[in-house]
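Next come the chains, spelled out residue by residue.
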Amino acid sequence: MSVLDHLVSRRRFLQATGVGGGAVAAGGVGHLLSFSAGGSHARADGPVGGGETQITKNVCHQCPARCGIDVYTTDGRVHAIYGDPGNPIANGRLCPKGHLGSYILYDPDRFKGPMKRTNPNKGRDEDPQFEAISWDEALGIVAERLNRLREQEESHRFALMYGRGWGASCAGLLGPFAKLYGTPNVIGHSSMCSDGSMVAKGLTDGNESYNAYDYRNTNYILNFGAGFLEAFRPYNYLMQVWGHMRTKSPKTRVTAVDVHMNPTLAAADRAVTIKPATDGAMALAIAHEMLVNGYWDRDFVGDFTDGANRFEAGTEIDPDDFEEVWTQGLIRWWNDELKDRTPEWAESITTVPAETIRRVAYEFGTTRPAMAIMERGPTSHSNGTYNGMAIHALNALAGTLFTEGGLFYQMDVPYGDGPADPDDYLDDYAGRMQERFDEGEIPRIDKLGTDRWPLARNMMQEVGPNHAAGEPYKLDTILFYLNNPIWTAPDATAWEEALKDVFIIDTSPFPGETARYADLILPDHTYLERLQDAPTYPFEGYPMTALRTPAVEPLYDTKVFGDILIEIGKRLDGPAGEYWQAVGDTENLLRHLAEGFRDHPGDNGVEDFESWKAKGVWYKKPYHWKQERGVFYEWVEDDGDYTHEMSAEEVADKLMPTPSGRFEFFSEKLQEHADFVASEFGIDHERAGLIQWVDPDHPGGGDLYFSTPKTALHAEGRGANIPHAIAHVQPVMGGRTTVYLEIHPRTARERGIRSGDRVRIVSDVGEIEAYARLFEGTRPDTVCLPMEHGHWAQGRWAEGRKPGHSGEVTVNQSDRISGLASYYTTKVRVERA
Ligand SMILES: Nc1nc2c(c(=O)[nH]1)N[C@H]1C(S)=C(S)[C@@H](COP(=O)(O)OP(=O)(O)OC[C@H]3O[C@@H](n4cnc5c(=O)[nH]c(N)nc54)[C@H](O)[C@@H]3O)O[C@H]1N2
Ligand SMILES: Nc1nc2c(c(=O)[nH]1)N[C@H]1C(S)=C(S)[C@@H](COP(=O)(O)OP(=O)(O)OC[C@H]3O[C@@H](n4cnc5c(=O)[nH]c(N)nc54)[C@H](O)[C@@H]3O)O[C@H]1N2
Ligand code: SF4
Ligand SMILES: [Mo]
C-alpha cells in the first residue's frame, strides 16, 4: 500500500466511524483498515496467531438507528464490531458508540441470573440484598401473582412498561399478553420520547408517525431542533447522507435552528439560535412570507382562481377566490392567523431577526425540493404540538409530501402470521375486562384516553404520580422492559417515593435505578447474545427488518426478554396459558414471521428464516408511492413502475388519512376536541383546530431556560455504564468526575461565575450541581446540560459520576395535546455552589 493509499483509506475509515483520531487510538490503524468500511467481507480469518474468527449479523442496540453490525467473535469472545456493508442503514459504517458494544456484553456488573430481593425497604441507599434463585422459581413467583390478581378481578393492577422495544419478538408480544391476561396497562415511553412530532403530523396529514426522508435528492433542509449530526434518527446514516448532501451538485443547503451551537448548527450554512419554545412563531412567519411572496407550490396547494396573488399582510381574503388541491383551510388559516404573522412579529417572540426569517423563507420557498424537519427541540414544550403543526405545514406549502427529495411514511414489513391467533384464546374474563376498559369503567393508570389526555399516545410520566396518589387506582405489580422512569422521567425523584409500594420486576441485564427498587430480577440477554427482530424506524420508506443473531453463547444464566414473557405466559391459568404454549418461544415466532418473505423475497435474496439470519436484514425497494406536480402515483409490481395514477379516495385511504383526505391547515380532528383544547390553552373554541401561535408555559421558578440535549456519545439513558463512551464525552460534556453546564459568558459573569466553577442549578422540584463551562454558542437566556449524567445506580462506572442528573430539576409538565413531556422548558436559577 502506497503512503497515499494508506492516507486515503485511513481518511475513509475516519469518516466511516464519524469521529476524529480518537477512535483509532486503540490498535494499529493498519489492522483496523483491513476490516474498515467497504472492506472485503470475506476477510473472516483472524489476526495472525489468534483463533478462528466468526462473523455474525446483529443490530446495534444503543440507539433507535438500528444499524446492522458484523460481530467478530474469536475463540468465543467478541473482539470487534463493524458496520454491516450489506445493511442499508449502516453501509459498513457505525457511529462511535457502535464499536463499543462489546463492553455492554462484558460489563462486569451485569446480573448473572434471576434474583429476588430480601431487603423489604426500598430507596436510593437501600441495598436490595438480592439472592440468586432459579428461573423456574422466579417465573413461578410472577405467574402466581398474576393468577391471583386475576382471581380477584384486579388484573388491571398489573402494568407492563417498556422503553426501546425492538420488534414482534419482544415489545410486539406485550399487546397480546395484556389482552389475554386482562390489563389495559401496556405503557410505552413515547410520551417521554418524541410523541410531539408524531401527533403534529397526525393532526395535519393524518399519519401519526415519524417521517421517512429522501435526503439524497433534497436541495434544502430547514431543521427545527433535530440533532441531525448527534441524535436524530438514524444517526449513523444521517452522518453518511450529510456527506452526500454537502458534496453533491447542487449542494443541499441547510438552515438549522436550535437553542445552542451544537455540531449540527456548526456544520450548517445558517445557524439560528432561537428562544426556547418559539419555533412555531418562526415557522408561521415563514409561511406568511411564502404566501405573500408567492412561493407556495401551486400543484399541491392550489391557486387563486384568477391566478393573481392576493396575499398581503393584514388583508383578509375571500375563500371563494382560492381553489385548494391537496390542502384544506389555507384561506381560513391566512385570515384567522397568518395575515398578521409577519417576520417583525416573529422577531418579537423568537428574538430571531426579521431579516433572517425573510432570508430563510426566500431560500426555503424558492428551492425545490425543500423540506422542514423537526424533533424534540420545538416539541418538548407546552405548545409543542402547535409548534410542530406550524413546521410541518411548511412541507405542505412547499409541496414536498411524497415527492422526490421530500417526506413520506415508512412501509410495514410483510411478516407471516404468528404460530397462533391471540383472539382464539380470549376467555370470558379477558373479554369482560376489555369491555370495561373500552367503556372507561377501568381507565389506564396514566389516564390515557380520558378527558385528561384525549389525544396523547402514552402518558408514562403520569404513572408514578398517579400510582402515588392512588388515582385512578394503585398498581400492584409492574414489569419493566428497557425502561427506567425512576431515573429518566421528568421530576424523577418523585418516582423514588412513588415506587416503594409496588412489586417491581425488572428485566435489565444491568443494576440500574429500577433494579435498585426491584423485587425480582429476570435478566435479559445483552444484544450480542440475542435472537430478535428489529424492523426499521422510519428511514427511506421501503420496508426493512433486521435480525439479531447471537454472536456468543449467553455468558450468564439470562434469557431473551421475549422468552421471559412467553414463559410467564405459559404459566398463566386458562386459555392465555394455552396461547403462549402454542407460541412456544421467540425462535418459533420468528420462523413463522419469516415465512412472509417467501412471497416477498428481499432485494438481497432473503426469503426465509435461514437466509434472514445469514444476511441479517430483509428489505425490499422501492417505496410504493410518489407525488409529482400534484399527481399521486402508485407502484405497479408487474409494470415495474409508478404507472397507477391514484384517485383522491386512494390518496385519502393510503397516504393522507385525515377527515378531509387532504393536508389540513385547520385540523378537523383537533377541532373535535375544541372544548378541551380551548380551555387548556385559553383560546377561542372556534380556533382550536387552527395551526397557530400559543404562548408556552415555563415552570420551574427560575430565570434561565434549561435544556438537556443528547450528544453523539450518549445512548438514551443506557450508555452511562460504558467507560469508553464516557471517556470520549469527558473533555467537552463532562463524564467520569465532572459534569459541565454550558452557560453564556455574560450570563456567568452576571452571577459571579467563572469558567470551571462549581454551580448549583435550582428549580422548584430540586437542585443539582455541575461545573460551569463558559460557551458563547449557548443563548444568554439558556443553559444546557446533557441528560445522561448523574446516575445513582447502573453499575460502578455509571454511579458516582455525580452530581448532575438533569431529570431531578426538570418539572413534570406535558403538552396537553401530544402528551410529550416538556423536557426543554423548565426555568432554573444558576448560582455558584
Ligand atoms: N447519539 C444519540 N442519538 C440518539 C439518542 C441518544 O441518546 N444518543 N436517542 C434517540 C432518541 S430516544 C431520540 S427521542 C432522538 C431524539 O432526537 P432529537 O430530538 O434530534 O435530539 P434531542 O437532543 O432530544 O433534541 C434536539 C435539539 O433540540 C434542542 N432544543 C431544545 N429546546 C429547543 C427549542 O425550543 N427549539 C429548538 N429549535 N431546539 C431546541 C436541543 O438543544 C437539541 O440540540 O435521538 C435518538 N438518537
Ligand atoms: N432530563 C431528560 N430526561 C430524558 C430525556 C432528556 O432529554 N432529558 N430524554 C428522554 C428520551 S428521548 C427517552 S427515549 C427516555 C429514555 O428513557 P427509558 O425509556 O427509561 O430508557 P433508557 O434509559 O434508555 O433505558 C432503560 C433501562 O434499560 C436497561 N437496559 C439496558 N440494556 C438493556 C437490555 O439489553 N435489555 C433490557 N431488558 N434492558 C436493558 C437499562 O439498565 C435501563 O434500566 O429518556 C427521556 N428522559
Ligand atoms: S447510530 Fe445508533 S444504532 Fe447505529 S452504531 Fe450508533 S448507536 Fe448504534
Ligand atoms: Mo427518545
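Summarised in this report is the structure supplied together with it. In this text, all values refer to a predicted model and were calculated from it rather than measured experimentally. (Residues numbered from 1 in each chain as written. Chains lettered and ligands numbered in written order. Predicted model: local features only at pLDDT ≥ 70, side-chain atom pairs only at ≥ 80, totals over all residues. Heavy atoms only, no water.)

Quick look at the overall build of the protein now. Helix and strand counts for the protein stand at 30 helices and 32 strands. In terms of overall size, the protein behaves like a compact globule, its C-alpha atoms giving a radius of gyration of 26 Å where 833 residues would be expected to give roughly 28 Å. For the protein, the spread of C-alpha atoms along the three principal axes comes to 75 × 75 × 70 Å. Looking at the protein residue by residue over its 833 residues, the buried ones come to 64%. Within the protein, contacts between residues separated by at least 24 positions form 69% of all contacts whose residues are at least 6 apart in sequence. For the protein, the exposed area adds up to about 29300 Å²; of that, 46% sits on carbon and sulfur atoms. (Helix = DSSP H or I, 4+ residues; strand = E, 2+ residues; numbered from the N terminus. Rg over C-alpha atoms; globule rule 2.2 N^0.38 Å. Buried < 20%, exposed > 50% of the residue type's maximum accessible area, 1.4 Å probe, protein only. Contact = heavy atoms within 4.5 Å. Areas by Shrake-Rupley, 256 points an atom, 1.4 Å probe, with all protein chains shown as cover.)

Turning our attention to the sheet that holds strand β21 (residues 544-548). Pairing in this open sheet of three strands is antiparallel, and the strands run β20-β21-β22 from one edge to the other. Two strands bound the open sheet, and with one partner strand each, they are β20 (532-535) and β22 (617-619). Looking at each pair of strands side by side, their axes are set apart by 15° on average, direction ignored. In this structure, β21 lies alongside β22, joined through three bridges in antiparallel fashion. (Pairing = 2+ DSSP bridges. Axes fitted to C-alpha atoms, helices over the stretch in contact; angles between N-to-C directions.)

Turning to the environment of T558, a few remarks are in order. Note on placement: T558 falls in the loop between β21 and α21 (561-570). Take T558: its relative accessible area is 8%, and that puts it in the buried class. With 321 residues separating them in the primary sequence, T558 and Y237 have C-alpha atoms 32 Å apart. Excluding residues that lie within four positions of it along the chain, T558 makes contacts with R110, F111, W135, P523, D524 and H525. Looking at T558, its side chain comes within polar contact range of the side chain of H525, at 2.7 Å. (Polar contact = N/O pair within 3.5 Å; in protein donor to acceptor, adjacent residues only side chain to side chain.)

Okay, the environment of Y537 next. One can find Y537 in the loop between β20 and β21. Along the sequence, Y537 and P64 sit 473 residues apart, while their C-alpha atoms lie 7.0 Å from each other. Those residues in contact with Y537 that sit more than four places away from it in its chain are P64, R66, R164, Y210, R233 and Q410. Polar side-chain contacts of Y537 include one of 2.3 Å to the side chain of R164.

Turning next to the pattern of salt bridges. Counted under the stated rule, the structure contains 63 salt bridges. Here K57 ties to D70 by a salt bridge, and the two come within 2.8 Å at their closest N and O atoms. Placement of K57 in strand β1 (residues 53-59) and of D70 in strand β2 (residues 68-74) is noted, with a sequence separation of 13 residues between them. Residue K57 is classed as buried on the basis of its relative accessible area of 9%. Residue class for D70 comes out buried when judged on its relative accessible area of 2%. The closest approach of N and O atoms between K474 and D501, which form a salt bridge, is 3.2 Å. Here the residue K474 occupies a position in the loop between α17 (463-469) and β17 (477-481), and D501 occupies one in the loop between α19 (493-498) and β18 (503-506), the gap between them amounting to 27 residues. (Salt bridge = Lys/Arg side-chain N within 4 Å of Asp/Glu carboxyl O.)

Here the focus is the site of ligand 2. The immediate surroundings of ligand 2 are formed by 30 residues, with H189, N484, T488, S508 and T708 found nearest. Within the side chain of S508, a nitrogen or oxygen atom sits 2.7 Å from an oxygen atom of ligand 2. For ligand 2, the protein covers 99% of the area, taking 920 Å² as the surface of the free molecule. By residue class, the composition of the shell around ligand 2 is 10 nonpolar, 14 polar and six charged. (Near = heavy atom within 4 Å. Nonpolar A, V, L, I, M, F, W, Y, C, P; charged D, E, K, R; others polar.)

Spatially, seven strands are ordered β5-β4-β19-β18-β17-β6-β7 in an open sheet, and the strand pairing comes out mixed. With one partner strand each, in any of the chains shown, β5 (130-132) and β7 (186-188) form the two edges of the open sheet. Taken strand by strand, helix α5 (residues 174-181) contacts β6 (158-162) and β7, and its axis lies near 175° from that of β6.

On to helix α9 (residues 279-292), then. Along its 14 residues, α9 runs 20 Å from first to last C-alpha, staying within 8% of the 20 Å computed at 1.5 Å per residue. Within α9, 13 of the 14 residues are buried, which leaves the element mostly enclosed by the surrounding structure. Backbone geometry just downstream of α9 places G294 in the positive-phi region, at approximately 70°. (Expected span 1.5 Å × (residues − 1).)

Our focus in this paragraph is the site of ligand 3. Neighbouring ligand 3 are the residues C60, Q62, C63, A65, R66, C67, L94, C95, K97, G98, Y235 and N236. Grouping the constituent residues of the shell around ligand 3 by class yields seven nonpolar, three polar and two charged.

What follows covers the pairing of strand β30 (residues 766-774). Of the pairings in the sheet, the one linking strand β28 (residues 740-743) to β30 comprises four bridges and is parallel in character. Residue pairing across strands places Y740 opposite Y771, the latter belonging to β30. Where strand β29 (residues 758-763) and β30 come together, six bridges link them in antiparallel fashion. Looking at β30, one finds that R758 is bridged to Y771. If you look at the hairpin formed by β29 and β30, you'll find two residues sitting between the two strands.

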